[in-house]
Amino acid sequence: MVENGNYIAVSVQLLRNPQTEKLDITEVNSFLAGLKKDLAAVKNGIMYSYNNGLAEGSVNKLKLVKRIMYGRSSFALLKSKLLWLETMH
């Protein structure tokens, strides 16, 4: 159904086709409802090349270190470990 990874074109076709909602496929209906719910964010994600991936990666690293160090140390040690890890990458 999707050739050359053209998922955007397929999604637009599904949104524009009035018969799509008549299909009794739960996954497709859920996908379309999610697109319609936040259509502005979807359009911005397609139009602009920048995103918040760097911030999300840093938050993910912070949460991982917090899970590993849970109950073992103070905030000062957590802070120094995170700053050290950031200089390593």
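To keep things clear, this report deals only with the structure shown in the data block. (Residues numbered from 1 in each chain as written. Predicted model: local features only at pLDDT ≥ 70, side-chain atom pairs only at ≥ 80, totals over all residues. Heavy atoms only, no water.)

Reported here for the largest pocket is a volume of approximately 170 Å³. Every element with two or more residues in the lining of the largest pocket is listed here: α1 (7-16) and α3 (39-47). Looking at which element gives the most residues to the lining of the largest pocket, the answer is α1, with six residues. Here the lining of the largest pocket is built from residues that sort into eight nonpolar, one polar and two charged. (1 Å grid on protein atoms, 1.4 Å probe; cavity = no way out; pocket = protein on both sides within 12 Å on 5 of 7 lines; lining within 4 Å. Points joined across faces, edges and corners; volume = space filled by probe spheres on them. Helix = DSSP H or I, 4+ residues; strand = E, 2+ residues; numbered from the N terminus. Nonpolar A, V, L, I, M, F, W, Y, C, P; charged D, E, K, R; others polar.)

This next bit is on the nonpolar core. V65, M69, L78, L82 and L85 together form the largest nonpolar core, which totals five residues. Among the elements that line this core, the one with the most residues is helix α5 (residues 75-88), at three residues. (Core = buried A, V, L, I, M, F, W, Y, C linked by side-chain atoms within 4.5 Å. Buried < 20%, exposed > 50% of the residue type's maximum accessible area, 1.4 Å probe, protein only.)

Topologically, G71 is positioned in the loop between α4 (53-68) and α5. Judged by relative accessible area, G71 falls into the exposed class, the value being 75%. In this structure, the C-alpha to C-alpha distance between G71 and N44, residues 27 residues apart in sequence, is 41 Å.

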